[in-house]
Amino acid sequence: MRVMLIGFSLALTLLLSGCQTDGPFNAAQKKTLQQQGFQYLGSRWELGLNDKILFGIEQYKLTPESRQKITSIANNLKRVGISHVAINGHTDNYGKADYNQQLSYLRAKSVAQVWMSSTGDDASHVSVNGYGMSKPIANNKTAQGRAMNRRVAIVVEAP
(Lines give C-alpha, C1' and ligand atoms only; values in the text may rest on other atoms or scores of the structure.)
Protein backbone atom coordinates (compact mmCIF):
# COMPACT_ATOMS: atom_id res chain seq x y z
CA MET A 1 0.00 0.00 0.00
CA ARG A 2 2.83 2.37 0.90
CA VAL A 3 4.57 1.71 -2.42
CA MET A 4 1.32 2.50 -4.25
CA LEU A 5 1.00 5.82 -2.42
CA ILE A 6 4.59 6.77 -3.20
CA GLY A 7 4.05 5.83 -6.85
CA PHE A 8 0.83 7.81 -6.99
CA SER A 9 2.50 10.79 -5.31
CA LEU A 10 5.41 10.67 -7.76
CA ALA A 11 3.07 10.42 -10.76
CA LEU A 12 0.99 13.36 -9.49
CA THR A 13 4.10 15.47 -8.95
CA LEU A 14 5.35 14.73 -12.46
CA LEU A 15 1.97 15.47 -13.96
CA LEU A 16 1.64 18.80 -12.15
CA SER A 17 5.18 19.90 -12.96
CA GLY A 18 4.44 19.27 -16.64
CA CYS A 19 1.50 21.67 -16.41
CA GLN A 20 3.59 24.65 -15.38
CA THR A 21 3.61 27.36 -18.00
CA ASP A 22 4.76 30.93 -18.43
CA GLY A 23 1.35 32.32 -17.58
CA PRO A 24 -1.48 32.49 -20.08
CA PHE A 25 0.83 32.59 -23.10
CA ASN A 26 0.73 30.07 -25.91
CA ALA A 27 3.84 28.64 -27.56
CA ALA A 28 3.85 31.12 -30.46
CA GLN A 29 3.54 34.06 -28.09
CA LYS A 30 6.36 32.80 -25.86
CA LYS A 31 8.60 32.20 -28.87
CA THR A 32 7.93 35.69 -30.25
CA LEU A 33 8.50 37.36 -26.89
CA GLN A 34 11.81 35.52 -26.53
CA GLN A 35 12.85 36.39 -30.10
CA GLN A 36 12.18 40.07 -29.39
CA GLY A 37 14.40 39.95 -26.30
CA PHE A 38 11.74 39.83 -23.57
CA GLN A 39 12.51 38.00 -20.34
CA TYR A 40 9.96 36.09 -18.31
CA LEU A 41 9.92 37.45 -14.75
CA GLY A 42 7.51 35.18 -12.91
CA SER A 43 4.19 36.75 -13.82
CA ARG A 44 5.07 38.97 -16.75
CA TRP A 45 7.36 39.34 -19.74
CA GLU A 46 9.57 42.44 -19.78
CA LEU A 47 11.89 44.11 -22.25
CA GLY A 48 14.13 46.84 -20.88
CA LEU A 49 15.12 49.16 -23.68
CA ASN A 50 18.02 50.92 -22.00
CA ASP A 51 20.63 50.37 -24.68
CA LYS A 52 18.26 49.67 -27.57
CA ILE A 53 16.01 52.72 -27.40
CA LEU A 54 18.21 55.75 -26.99
CA PHE A 55 17.23 59.22 -25.95
CA GLY A 56 19.69 62.07 -25.74
CA ILE A 57 20.44 63.51 -22.33
CA GLU A 58 17.25 65.11 -21.03
CA GLN A 59 15.49 64.23 -24.29
CA TYR A 60 12.32 62.28 -24.92
CA LYS A 61 12.19 62.22 -28.71
CA LEU A 62 13.06 58.91 -30.30
CA THR A 63 15.70 58.44 -32.94
CA PRO A 64 14.53 57.10 -36.34
CA GLU A 65 16.30 53.78 -35.56
CA SER A 66 14.46 53.54 -32.26
CA ARG A 67 11.13 54.21 -33.94
CA GLN A 68 11.81 51.35 -36.38
CA LYS A 69 12.75 48.98 -33.53
CA ILE A 70 9.57 49.80 -31.58
CA THR A 71 7.44 49.39 -34.69
CA SER A 72 8.99 45.98 -35.35
CA ILE A 73 8.48 44.76 -31.79
CA ALA A 74 4.88 46.02 -31.68
CA ASN A 75 3.94 44.41 -34.99
CA ASN A 76 5.58 41.09 -34.09
CA LEU A 77 3.69 40.92 -30.79
CA LYS A 78 0.40 41.94 -32.39
CA ARG A 79 0.83 39.19 -35.01
CA VAL A 80 0.69 36.56 -32.23
CA GLY A 81 -2.24 38.16 -30.41
CA ILE A 82 -0.45 40.32 -27.87
CA SER A 83 -1.82 43.85 -27.92
CA HIS A 84 -2.00 44.95 -24.28
CA VAL A 85 1.25 46.36 -22.90
CA ALA A 86 2.47 48.68 -20.20
CA ILE A 87 5.20 51.08 -21.21
CA ASN A 88 7.17 52.28 -18.20
CA GLY A 89 9.68 55.13 -18.29
CA HIS A 90 12.57 55.39 -15.83
CA THR A 91 15.48 57.77 -15.20
CA ASP A 92 18.70 57.75 -13.21
CA ASN A 93 19.00 59.73 -9.99
CA TYR A 94 20.54 62.88 -11.43
CA GLY A 95 18.38 65.98 -11.27
CA LYS A 96 15.26 66.84 -9.36
CA ALA A 97 12.70 64.13 -8.66
CA ASP A 98 9.75 66.00 -10.19
CA TYR A 99 11.71 66.75 -13.37
CA ASN A 100 12.79 63.10 -13.69
CA GLN A 101 9.22 61.97 -13.08
CA GLN A 102 7.97 64.10 -15.97
CA LEU A 103 10.87 63.11 -18.24
CA SER A 104 10.29 59.41 -17.61
CA TYR A 105 6.59 59.81 -18.45
CA LEU A 106 7.35 61.72 -21.66
CA ARG A 107 9.80 59.01 -22.74
CA ALA A 108 7.24 56.28 -22.11
CA LYS A 109 4.61 58.32 -23.93
CA SER A 110 6.90 58.70 -26.97
CA VAL A 111 7.33 54.94 -27.15
CA ALA A 112 3.58 54.40 -26.67
CA GLN A 113 2.71 56.78 -29.50
CA VAL A 114 4.94 54.90 -31.93
CA TRP A 115 3.56 51.59 -30.62
CA MET A 116 -0.07 52.62 -31.14
CA SER A 117 0.50 54.20 -34.55
CA SER A 118 2.26 51.05 -35.80
CA THR A 119 -0.34 48.57 -34.49
CA GLY A 120 -3.50 50.64 -34.80
CA ASP A 121 -4.30 49.89 -31.17
CA ASP A 122 -5.94 52.59 -29.12
CA ALA A 123 -4.92 53.91 -25.72
CA SER A 124 -7.02 51.31 -23.91
CA HIS A 125 -4.44 48.69 -24.96
CA VAL A 126 -1.37 50.62 -23.85
CA SER A 127 -0.76 51.96 -20.37
CA VAL A 128 1.90 54.62 -19.94
CA ASN A 129 3.74 55.11 -16.66
CA GLY A 130 6.56 57.39 -15.60
CA TYR A 131 8.47 56.20 -12.54
CA GLY A 132 11.29 58.73 -12.57
CA MET A 133 14.16 57.60 -10.41
CA SER A 134 12.03 55.47 -8.07
CA LYS A 135 12.78 52.01 -9.53
CA PRO A 136 16.47 51.67 -10.38
CA ILE A 137 17.76 48.34 -11.67
CA ALA A 138 21.43 49.22 -11.22
CA ASN A 139 23.64 51.30 -8.94
CA ASN A 140 23.42 55.01 -9.74
CA LYS A 141 26.98 55.57 -8.45
CA THR A 142 28.51 54.49 -11.76
CA ALA A 143 28.03 55.79 -15.27
CA GLN A 144 27.15 52.29 -16.44
CA GLY A 145 24.54 51.91 -13.71
CA ARG A 146 22.98 55.30 -14.49
CA ALA A 147 22.81 54.38 -18.18
CA MET A 148 20.98 51.15 -17.31
CA ASN A 149 18.50 53.07 -15.17
CA ARG A 150 17.65 55.46 -18.02
CA ARG A 151 15.29 53.09 -19.75
CA VAL A 152 11.85 52.38 -21.04
CA ALA A 153 10.49 48.96 -20.18
CA ILE A 154 7.75 47.26 -22.20
CA VAL A 155 5.80 44.90 -19.96
CA VAL A 156 3.37 42.20 -21.10
CA GLU A 157 1.29 40.61 -18.36
CA ALA A 158 -1.35 38.78 -20.42
CA PRO A 159 -2.13 38.38 -24.11
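Above this text sits the structure in question.
The structure contained in this document is the topic of the report that follows. (Residues numbered from 1 in each chain as written. Predicted model: local features only at pLDDT ≥ 70, side-chain atom pairs only at ≥ 80, totals over all residues. Heavy atoms only, no water.)

## Considerations on helix 3 (residues 64–79)
The line we're drawing: Numbering of helices and strands runs from the N terminus; a helix is a DSSP stretch of H or I covering at least four residues, while a strand is a stretch of E covering at least two. An expected span of 1.5 Å times one less than the residue number is assigned to each helix. Partly exposed describes any residue whose relative accessible area lies between the buried limit of under 20% and the exposed limit of over 50%, with all areas from a 1.4 Å probe on protein chains only and scaled to the type maximum. Picture the helix axis, draw a direction to every C-beta atom, and the arc is the one those directions span.
The first and last C-alpha atoms of helix 3 sit 23 Å apart over 16 residues, in line with the 22 Å expected at 1.5 Å per residue. Within helix 3 the residues assigned to the buried category are Ser 66, Ile 70, Ile 73, Ala 74, Asn 76 and Leu 77. For helix 3, the angular spread of the buried residues around the axis is 165 degrees, confining them to a single face. Exposed positions of helix 3 whose direction lies more than 90 degrees from the buried face are Pro 64, Glu 65, Gln 68 and Arg 79.

## Remarks on the pattern of salt bridges
Under the convention used in this document: When a carboxyl oxygen of Asp or Glu is within 4 Å of a side-chain nitrogen of Lys or Arg, the pair counts as a salt bridge.
A full pass over the atoms with the stated rule returns 3 salt bridges. With a closest N to O distance of 2.7 Å, Lys 78 and Asp 121 form a salt bridge. Taken as a pair, Lys 78 in helix 3 and Asp 121 in the loop between helix 4 (97–119) and strand 4 (126–130) lie far apart in primary sequence, 43 residues in all. Since its relative accessible area comes to 34%, Lys 78 is described here as partly exposed. Looking at Asp 121, the relative accessible area reads 9%, which means it is buried. A salt bridge links Asp 92 to Arg 150, with the nearest nitrogen and oxygen atoms 2.7 Å apart. Of this pair, Asp 92 sits in the loop between strand 3 (85–90) and helix 4 while Arg 150 sits in the loop between helix 5 (143–149) and strand 5 (151–156); the two residues are 58 residues apart in sequence, bridging distant segments of the chain.

## Considering the pairing of strand 4
Note the cut-off: Only when DSSP finds a minimum of two bridges between them are two strands counted as paired. Viewed with both strands pointing away, a crossover whose connecting path from the first strand over the helix to the second turns clockwise is right-handed.
Judged from the 5 bridges that link them, strand 3 and strand 4 form a sheet pairing that is parallel. Note that in strand 4 the partner of Ile 87 across the bridge is Val 128. Between the parallel elements strand 3 and strand 4, the chain passes through helix 4 in a crossover that is right-handed.

## Describing the side chain of Ser 83
Cut-off, in case you're wondering: For this analysis, a polar contact is any N or O atom pair within 3.5 Å, provided that within protein one partner can donate a hydrogen and the other can accept it, and provided that sequence-adjacent residues contribute only side-chain to side-chain pairs. Residue contacts are defined here by distance: any two heavy atoms, one from each residue, within 4.5 Å place the two residues in contact.
Along the polypeptide, Ser 83 turns up in the loop between helix 3 and strand 3. For Ser 83, a relative accessible area of 14% gives the class buried. Reaching out from Ser 83, the side chain makes a polar contact with the side chain of His 84 at a distance of 3.4 Å. A distance of 3.4 Å separates a polar atom in the side chain of Ser 83 from a polar atom in the side chain of His 125. Residues in contact with Ser 83, not counting those within four places in the same chain, are Asp 121 and His 125.

## Focus: the packing of aromatic side chains
The condition is simple: Only the six-membered ring of Trp is used, alongside the rings of Phe and Tyr, when aromatic pairs are assigned; centres must lie within 6.5 Å, and planes under 30 degrees apart are stacked while those over 60 apart are edge-to-face, with the rest tilted. Distance and angle both matter: a charge sits over a ring if NZ of Lys or CZ of Arg is within 6 Å of the ring centre and within 35 degrees of the ring normal.
For the structure shown, the criterion picks out 2 aromatic pairs. Here Phe 25 and Trp 45 contribute two aromatic rings whose centre-to-centre distance is 6.2 Å and whose plane-to-plane angle is 80 degrees, an arrangement assigned as edge-to-face. Taken together, the residues Phe 25 in the loop between helix 1 (2–18) and helix 2 (27–35) and Trp 45 in strand 2 (residues 45–48) connect sequence positions 20 residues apart. Assigned by exposure class, Phe 25 and Trp 45 land together as buried. Both rings, one in Tyr 40 and one in Trp 45, keep their centres 5.2 Å apart while their planes meet at 55 degrees; by these two values the pair is tilted. Relative accessible area serves as the criterion here: at 2%, Trp 45 is assigned to the buried category. Members of the aromatic cluster, each reached through a chain of ring pairs, are Phe 25, Tyr 40 and Trp 45. Its end group placed over the ring of Tyr 131, Lys 135 keeps NZ or CZ at 4.2 Å from the ring centre.

## Considerations on the sheet that holds strand 4
Which entries qualify depends on this criterion: Fitting a line to C-alpha atoms yields each axis, with helices limited to the stretch in contact; the angle taken between N-to-C directions then spans 0 to 180 degrees.
Strand order in the open sheet formed by 5 strands is 1-2-5-3-4, and the pairing between neighbours is mixed. Looking at strand neighbours, the two that pair on one side only are strand 1 (39–40) and strand 4, the edges of this open sheet. Along the sheet, helix 4 makes contact with strand 3, strand 4 and strand 5, crossing strand 4 at roughly 160 degrees.

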